[in-house]
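What the coordinates show
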Amino acid sequence: GSGGKRQSEGVGSSEVAAQAGRMPKISAQRNYRKVSSTPRRPYEKERLDQELKLCGEYGLRCKREIWRSQLVLAKIRSAARSLLTRDEKDPKRIFEGEALLRRMVRYGLLTEEENRLDFVLLLSTQRFLERRLQTKVFKQGLAKSIHHARVLIRQRHIRVGKR
């Protein structure tokens, strides 16, 4: 609803900013990208059963939440795969590979010992879903069930940092 209104406000404020001699705000032009991708085959029995099991196990609201983490994982793995095709001493592989591994360790997906690109390819969707706040709250015993954990987070009973 308010998307069109916001855009016109952004244009107006940039005109005002230009008249005042300041730089216009660029927040109006954002490059949105899809955060999840639907499966290629919509009615594959095996996949449907597996997704339903994951939804139940991690208390997900819809299958799009699984697809979202699968897409993130796919992007990370494809980055690792393209880096692995390069030479060991290639500066791009060294620089980007270290950055990728650092990010994985920071997300808690890899341990300090698993600091090689081969381990990035072994990452699974379960590993991602384990790192969600909802799962953490439930595993630490702050919530009675995985669904209760989601409710607590939603109702802001649980805080991370200053949020």
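What you see is a predicted model; the values in this text were computed from it and never measured.

**So, the environment of Gln126**
As for its position among the elements, Gln126 is in helix 6 (residues 125–130). Contacts of Gln126, omitting those with residues within four sequence positions, involve Leu54 and Tyr58.

**Brief notes about helix 3 (residues 63–85)**
Across its 23 residues, helix 3 extends 33 Å between first and last C-alpha, which sits within 8% of the 33 Å expected from 1.5 Å per residue. Among all positions of helix 3, only Glu65, Ile66, Trp67, Ser69, Leu71, Leu73, Ile76, Ala80 and Leu83 are buried. Taken together, the buried residues of helix 3 touch helix 2 (45–58), helix 4 (91–107), helix 5 (117–121), helix 6 and helix 8 (146–154).

**Remarks on the confidence of the model for the protein chain**
Here the protein chain averages 86 in pLDDT, and 83% of its residues register 70 or above. When pLDDT is averaged over each element of the protein chain, helix 2 comes out on top at 96 and helix 1 (residues 3–20) at the bottom at 49. The low-confidence segment residues 2–11, where pLDDT is below 50, has one contact with residues more than four positions distant or belonging to other chains.

**A short note on the nonpolar core**
One recurring pattern in soluble globular proteins: nonpolar side chains tend to sit buried together. Counting 13 residues, the largest nonpolar core has Ile76, Leu100, Met104, Leu110, Leu117, Val120 and Leu123 as the members making the most contacts within it. Ranked by residue count, the leading element in this core is helix 3, at four residues. Ranked by size, the runner-up nonpolar core spans seven residues in total, among them Leu54, Cys55, Leu60 and Trp67.

Criteria and thresholds
Residues numbered from 1 in each chain as written. Predicted model: local features only at pLDDT ≥ 70, side-chain atom pairs only at ≥ 80, totals over all residues. Heavy atoms only, no water. Helix = DSSP H or I, 4+ residues; strand = E, 2+ residues; numbered from the N terminus. Contact = heavy atoms within 4.5 Å. Expected span 1.5 Å × (residues − 1). Buried < 20%, exposed > 50% of the residue type's maximum accessible area, 1.4 Å probe, protein only. pLDDT = per-residue confidence, 0-100. Core = buried A, V, L, I, M, F, W, Y, C linked by side-chain atoms within 4.5 Å.

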